[in-house]
2 protein chains.
Amino acid sequence: MRKPLILLTNDDGINAPGLRASLSVAKEFGEVVVVAPDSPQSAKGHAITISDPIRLKKVDVFEGVEAYECSGTPVDCVKLAKHVVLKNRQADLCISGINHGSNASINILYSGTVSAAMEASLEGIPSIALSLLDFAWTADFRQARPFLKLIVRKVLEKGLPNCNLINVNIPKLTTAQIKGIKVCRQSDSRWEEEFHEAKDPRGVPYYWMGGDFAATDMAEDTDMWALKNGYISIVPSGHDLTKYDAIDQLNEVTFA
Amino acid sequence: MRKPLILLTNDDGINAPGLRASLSVAKEFGEVVVVAPDSPQSAKGHAITISDPIRLKKVDVFEGVEAYECSGTPVDCVKLAKHVVLKNRQADLCISGINHGSNASINILYSGTVSAAMEASLEGIPSIALSLLDFAWTADFRQARPFLKLIVRKVLEKGLPNCNLINVNIPKLTTAQIKGIKVCRQSDSRWEEEFHEAKDPRGVPYYWMGGDFAATDMAEDTDMWALKNGYISIVPSGHDLTKYDAIDQLNEVTFA
């Protein structure tokens, strides 16, 4: 049997320890091709580069693994992987991450990690976005390893029924502390931003985005609840933003 | 009665003719505050700026209208509008656009125009993303004007039931040719990219994203069908990407 072809990307950049962590798992299951940003691309959402050229450079940073660094966004990486790197070869799986930091709840909208996996899912590739709830560059990705292996194995064996993308978040716990896996819905929580306002050396004001995540939706069926209670959360995710329950009334009343 | 407070933004930049077109409509309904990018920000999706400072400058470019240009993405503009410009004033409506070019179907993922409106909708502001199917800077936005007025008036009067965001696309037709408004679902079509590959003056290769939109889902209930058949399309849109019909099987079979 042909070994599965696994496309690996992320948004923290090709040198991020999180990418090495997922690479070491992916290599056990198939042939891996890495196409990842040449610099950090966090919070780039589903941005693509259309008004500028993009650079793509083959690099030799992972022993025995075909790898490319790309000047574009995470979604650019996936598009270049498909059209330039893999060409007529269809990947059997896309893994994005492991991201340094949570992509649970509404973070799915802002996350370059999830957007890269979503872009691959649009192309018919079963895709896994992986995030660890630890922003540190030195985060300990080994603790999640047995669960990552399980998730990748199950997706390769069984596919993803009724979806093509799972958004996986991993609590910052030891292997022994992690209680298991819960498949859930996206929590409807929000960021509460706070902008630092200051002046640059020339006296010109600037703003810098900060803030806290407000856990306003912690219902038991949410990813936020699962993570808080020691589980790995998996949210099966799509790309159709239509609010179907609004169509009839808008058609028949509001815009009639 | 207090005049409605309308936040206006876009992704083509504060000088785009499409923004002036929506401003001229919005001014008829309320007090308008403009916070828009200082340069084109097309295809930025839901990207935000977290690793760099953002500039925000009050400008006097629209007679009698409070306006700010912002160095960030469209979503940054909305966040700064909320936290820095409007502070304790809650907008009654957000209008994003009119975008130069379509944001129908899957373009909702890539579009800075829709993402800005979506960000406002997350903050509880009823929001309208507006796009005209004409990429030209000289596009004729006057033809759509009577329909824009109707849409803004209806949303202010009746609110948006079961949703907080509508993605409006307008065909490139004269007022007389436009058949009306259809509320529909997001077509499940895709881009078929093609990358131009060339070398820069120093002989280093680069790639430039191009491509065509493939109208693969033209069912009668889609925005793509409505637009093709002469209607303005309105897709009520949310921010929950969960594929609910996948949860049970993933929980009980795949990851059991």
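This section reports on the structure supplied with the text. Keep in mind it's a predicted model, so treat the numbers as computed, not measured.

### Topic: the relation of the copies chain B and chain A
Both copies of the chain are placed relative to one another by a rotation about an axis and a shift along it.
Thought 1: Taken as rigid bodies, chain B and chain A are interconverted by a rotation of 180° and an axial shift of 0.0 Å, the fit giving an RMSD of 0.0 Å. What the rotation and shift describe, once combined, is the action of a two-fold rotation axis.
Thought 2: When you check the interface residues of chain B against chain A, 100% turn up at the interface there too, and the contact is symmetric in its surfaces.

### Describing the packing of helix H2 (residues 74-86) of chain B against helix H4 (residues 112-122) of chain B
Residues and elements named next belong to chain B.
Thought 1: One way to put it is that H2 packs onto H4 with a least axis distance of 8 Å and a crossing angle of 25°. Here H2 lies roughly parallel to H4, going by the angle between them. For H2 against H4, the interelement crossing comes out right-handed. Packed against H2, whose contacting residues are Pro74, Val75, Cys77, Val78 and Lys79, the element H4 presents Gly112, Thr113, Ser115, Ala116, Glu119 and Ala120 at the interface.
Thought 2: Among the residues making up the contact of H2 with H4, the classes are represented as six nonpolar, three polar and two charged.

### A closer look at the environment of Thr222 of chain A
All names here are of chain A.
Thought 1: Residue position: Thr222 is located in the loop between strand E10 (205-214) and helix H6 (223-228).
Thought 2: When the 24 C-beta atoms within 10 Å are taken as the criterion, Thr222 is described as buried.
Thought 3: As a C-alpha pair, Thr222 and Glu63 span 159 residues in sequence and 39 Å in three-dimensional space.
Thought 4: Dropping the residues within four chain positions of it, Thr222 is found in contact with Cys184, Arg185, Ser187 and Asp217.

### A short note on the sheet that holds strand E4 (residues 66-70) of chain A
Residues and elements named next belong to chain A.
Thought 1: If you trace the nine strands from one edge of the open sheet to the other, you get E3-E4-E2-E1-E5-E6-E7-E11-E8, paired in mixed fashion. Both edges of this open sheet fall to strand E3 (56-59) and strand E8 (180-183), since each of them pairs with a single strand only. Going across the sheet, the axis of each strand differs from the next one's by a mean of 20°, ignoring polarity.

### Comments concerning helix H2 (residues 74-86) of chain A
Residues and elements named next belong to chain A.
Thought 1: Roughly 40° is the biggest bend found in H2, and it falls at Leu80.
Thought 2: With ten of 13 residues buried, H2 lies mostly within the body of the structure.
Thought 3: Taken as a whole, H2 has its buried residues at Pro74, Val75, Asp76, Cys77, Val78, Lys79, Leu80, Ala81, Lys82 and Val85.

### Details of the interface of chain B and chain A
Accessible area lost when the parts come together is the quantity often used to give the size of an interface.
Thought 1: Facing the 61 residues of chain B at the interface are 61 residues of chain A.
Thought 2: In terms of residue count, helix H7 (residues 244-254) of chain B provides more of the side of chain B that touches chain A than any other element does, eight residues in total.
Thought 3: Tallied by class, the residues present in the side of chain B that touches chain A amount to 33 nonpolar, 16 polar and twelve charged.

Criteria and cut-off values
- Residues numbered from 1 in each chain as written.
- Chains lettered and ligands numbered in written order.
- Predicted model: local features only at pLDDT ≥ 70, side-chain atom pairs only at ≥ 80, totals over all residues.
- Least-squares fit on C-alpha atoms with pLDDT ≥ 70 in both.
- Contact = placed C-beta atoms within 7 Å.
- Axes fitted to C-alpha atoms, helices over the stretch in contact; angles between N-to-C directions.
- Helix = DSSP H or I, 4+ residues; strand = E, 2+ residues; numbered from the N terminus.
- Parallel < 35°, antiparallel > 145°, perpendicular 65-115°, else oblique.
- Left-handed = near helix turned anticlockwise from the far one by under 90°.
- Nonpolar A, V, L, I, M, F, W, Y, C, P; charged D, E, K, R; others polar.
- Buried ≥ 20, exposed ≤ 12 C-beta atoms within 10 Å, placed from the backbone.
- Pairing = 2+ DSSP bridges.
- Bend = angle between axes of the 7 residues up to and from the residue.

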